[in-house]
Amino acid sequence: MNPYVIYTDSACDISPAMLEEWGVKRCDLSFQFVGEETVYTNFELTPKEFYQRMRDGGVAKTSAVNSEAFRQLFEEELKNGNDVLYIGFSSGLSTTYNCARMAAAELEEAYEGRRVCAVDTLSASAGFGMLLYLAVREKEKGATLEEVARFVEEQRMHQCHWFTVDDLVYLKRGGRVSSAVALLGGVLGIKPVLHMDDEGHLINRFKVRGRKAALKALADKYGELAVDREGPVFISHGDCEEEAAQLAAMLKEEYGITVDLTVNVGPVIGAHSGPGTMALFFIGKER
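The structure displayed is predicted, hence computed values, not measured ones.

Some thoughts on unusual backbone geometry
Logical step 1: The phi torsion at Asp 13 lies on the positive side, around 60°, for a residue other than glycine.
Logical step 2: Mapping Asp 13 onto the fold places it in the loop between β1 (4-9) and α1 (16-22).
Logical step 3: Its identity is not glycine, yet Ser 125 carries a phi of approximately 50°, on the positive side.
Logical step 4: Along the polypeptide, Ser 125 turns up in helix α5 (residues 125-140).
Logical step 5: The class of Ser 125 is buried, set by a relative accessible area of 5%.

Thoughts on the sheet that holds strand β6 (residues 83-88)
Logical step 1: If you trace the four strands from one edge of the open sheet to the other, you get β2-β1-β6-β7, paired in parallel fashion. Across the chains shown, the open sheet's two edge strands, defined by having one partner strand only, are β2 (24-27) and β7 (116-120). Averaged over all neighbouring strand pairs, the angle between strand axes comes to 25°, with direction disregarded.
Logical step 2: Bridge count for β1 against β6 is four bridges, and the pairing is parallel. When the bridges of β6 are listed, Tyr 7 appears paired with Tyr 86.
Logical step 3: Its contacts with the sheet place helix α4 (residues 96-110) against β1, β6 and β7, and it is angled at close to 160° to β7.

Conventions and cut-offs
Residues numbered from 1 in each chain as written. Predicted model: local features only at pLDDT ≥ 70, side-chain atom pairs only at ≥ 80, totals over all residues. Heavy atoms only, no water. Helix = DSSP H or I, 4+ residues; strand = E, 2+ residues; numbered from the N terminus. Buried < 20%, exposed > 50% of the residue type's maximum accessible area, 1.4 Å probe, protein only. Pairing = 2+ DSSP bridges. Axes fitted to C-alpha atoms, helices over the stretch in contact; angles between N-to-C directions. Contact = heavy atoms within 4.5 Å.

By themselves, these figures tell us nothing about what the structure is for.
Here it is as structure tokens:
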């Protein structure tokens, strides 16, 4: 049995420094602002710079990692004697996973007896990051590549993603809400509460009036669905750190739990959800 490395991609919104600490390597999705030639990776602008550009009217378009980029990175590991387990961004939101899967299949055929495995987390942002964190813990316990892959496939169906956005215009651009709903929401202060379904797609579940009610709705979902009060809880936010702290305080007051990790929603995700996005992730009875 060969040693193996875990690969991921930047849509997990876990910082490069933390990924390095976990021993995880990454591929970078990219983005650029409409009307500009500069292409950025997920960590080349600070969150404040990126979201201010959006607030000033900038529209960012994102690009997946292509199969050739994956092939080159994975093949280098094979040549160094390592097998590869790629844990990736939801196939319901990006072609990135399928590009990795194609590269993995090609390399397994070329390198007989070696393993290059791609697992679809059906998750995004720090929900995806949480599954990665749990996978790293399993690897540290001595789990094999196949055991970690199966573990992620089992856990992903219990990975809860509940989130809200501050401005519906960004969801309108992506076709998640109609122009009429976006306009009405802006006038009335309507905030959607969304989650990711079992196929890794974003689903609008219900609406509340006002930002405070939206944050409370996220905390309530933890109380309704969480199965293990000792399990990890992650928050990601689109340049609204104070409100992330408010959500963490709600969870502490209502349920006595401490948020394990709070991160910024990176540009690749934030381009579609906008500044003010707030997301809560935990392991639940169902997604």
